[in-house]
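Descriptive structure summary
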Amino acid sequence: PVCCDEIFAGNRPILVTIEPKSLMIIDIQLSDNRKSDVWVEFWQHTKMQGIDFLSLINDDGLSMQSAKEAFMKDTKRQRDTFHALSHRLGLIKIRFEEAAYKAIRQAYQAIELLEHAKSEAVETQRKLKYEQAKLQTQKAIELYENFSFLYNCLLACFEQFDSKGNLKNVLTVVDDFVCGLCLLKTLNNVYINKQVTTIERNLDELFYFYQTAQSIVNELTNSIDADILRQFCSAWQCHKKMIKAKQTPRKKALRNKEIQLLQIVKELLGDDFGNMKNQIYNKLNSIIQSSALVECVNSIIRPYLNTCKNQPSQELLNLIMFYHNHRRFVA
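Here is a short report on the structure shown in this document. (Residues numbered from 1 in each chain as written. Predicted model: local features only at pLDDT ≥ 70, side-chain atom pairs only at ≥ 80, totals over all residues. Heavy atoms only, no water.)

**Side note on the side chain of Gln 160**
Rules: In this description a helix means any DSSP run of H or I spanning at least four residues, a strand means any run of E spanning at least two, and both kinds are numbered starting from the N terminus. Burial classification: accessible surface area is computed with a 1.4 Å probe over protein chains only, and a residue below 20% of its type maximum counts as buried, one above 50% as exposed, and the rest as partly exposed. Throughout, a residue-residue contact means that at least one pair of heavy atoms, one from each residue, lies within 4.5 Å.
For Gln 160, the location among the structural elements is in the loop between α4 (120–156) and α5 (170–185). The class for Gln 160 is buried, based on a relative accessible area of 4%. Apart from the residues lying within four places of it in its own chain, the contact partners of Gln 160 are Asn 166, Leu 167, Lys 168, Phe 209, Tyr 210, Ala 213, Trp 236, Gln 237, Ile 287 and Gln 289.

**As for helix α11 (residues 293–307)**
Heads up, the rule is: A helix is expected to span 1.5 Å for every residue after the first. Throughout, bend refers to the angle between the axes fitted to the seven residues that end at a position and the seven residues that start at it.
For α11, built from 15 residues, the straight-helix expectation of 21 Å at 1.5 Å per residue is met to within 8% by its first-to-last C-alpha distance of 23 Å. For α11, the principal kink sits at Ile 301 and spans about 45°; a proline, Pro 303, occurs within the next four residues. Turning to α11, its buried residues are Val 294, Val 297, Asn 298, Ile 301 and Leu 305. For α11, the secondary structure elements touched by its buried residues are β1 (2–9), β2 (12–19), β3 (24–30) and α12 (314–326). Trailing α11 by a residue or two, Lys 309 shows a phi angle of about 55°, which is positive.

**A short note on helix α6 (residues 190–201)**
The condition that has to hold: This arc is built from the directions going out from the helix axis to the C-beta atoms. In protein, a polar contact requires one atom able to donate a hydrogen and another able to accept it; more generally it is a pair of N or O atoms within 3.5 Å, and residues adjacent in sequence count only if both atoms are side-chain atoms.
The end-to-end C-alpha distance of α6, which contains 12 residues, comes to 17 Å, matching closely the 16 Å that a straight helix rising 1.5 Å per residue would cover. Restricting attention to buried positions, one finds in α6 the residues Ile 192, Gln 195, Val 196, Thr 198 and Ile 199. Buried residues in α6, looked at end-on, bunch into an arc of 160°, giving them a common side. Exposed residues pointing more than 90 degrees away from the buried face of α6 are listed as Val 190, Lys 194 and Arg 201. Looking at the buried side of α6, the elements it contacts are β5 (76–79), α3 (81–115), α4 and α5. For α6, the side-chain oxygen to backbone nitrogen distance between the N-cap and Tyr 191 is 3.0 Å, and the N-cap itself is Asn 189.

**As for the pattern of salt bridges**
Heads up, the rule is: When a carboxyl oxygen of Asp or Glu is within 4 Å of a side-chain nitrogen of Lys or Arg, the pair counts as a salt bridge.
Counted according to the given criterion, the structure contains nine salt bridges. In this structure, Asp 32 and Arg 12 form a salt bridge, with 2.9 Å as the shortest nitrogen-oxygen distance. Note that Asp 32 is positioned in the loop between β3 and α1 (36–47) and Arg 12 in strand β2, a separation of 20 residues in sequence. Under the relative-accessibility criterion, Arg 12 is labelled partly exposed at 35%. A salt bridge links Arg 230 to Asp 227; the nearest nitrogen and oxygen atoms lie 2.1 Å apart. Of this pair, Arg 230 and Asp 227 are both found in helix α8 (residues 226–244), three residues apart, which corresponds to roughly one turn of the helix.

In short, the description is geometric, and any link to function would need to be established separately.
Structure representation (structure tokens):
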């Protein structure tokens, strides 16, 4: 599988293809635009180097989709789960949370004004405003809480394993995901409905990673005890969630949970623990849901682009690719 996306040097796009497990840059090309024919030419150059795409992970860019249909129609595509869901609905969650806090502040201001009313007429007027502010606050909090709950339920559909370490049934997951989208529509918010409609349009390409997960689990089941494998799968999922967590307390909680799960397996396996953990984690790391790893490459090469004032040459990009692919990461 490969991840494809574009990064920008000023107004000029740089087309990038990376191998997600190793973060190796397979190809990088400076371009004048990012139209579909440019993507086709870019992928042709990659294939001329003897590299075939087993699957493609990318976002909802229309040019890339058109190029994919024209150049490698039969190649499986994993739609980028971050851009498909978190990028669309995560911003709405932040907006609703800010609106709820704003409504709460306005309600407090209204009650403070009510307490300082000097006449009966002013008190009646301010009491009415307070009741209106309280009603708006209740609506804003209810909208935020309902949306937040459904949003988290949708995010949980992208977790491959349940609480016991069993691989989820993809058909059940898709049904739950569709149900969650339908419930979002019941909130009767125009902007939410617009985003949900966009998500529904490409639903069939959103859960391809479950096929990869199923094949990996089937392969590991043939050589590893089922109970031990479930423990490792739960620990691996905690590890992945820890990496993505932004808040330190959540990171620590997930890290401690992973350690606890691994400690149980370590007592059962003894000296074989280290090799088996590396084997299973390495296999499970092949489950790729997002092309956001291109953003990691962007952050790595961005200082070099800034140094040349966003006017890189193709030769510089080739040199950056060579350096990146041959260096060792600090961590």
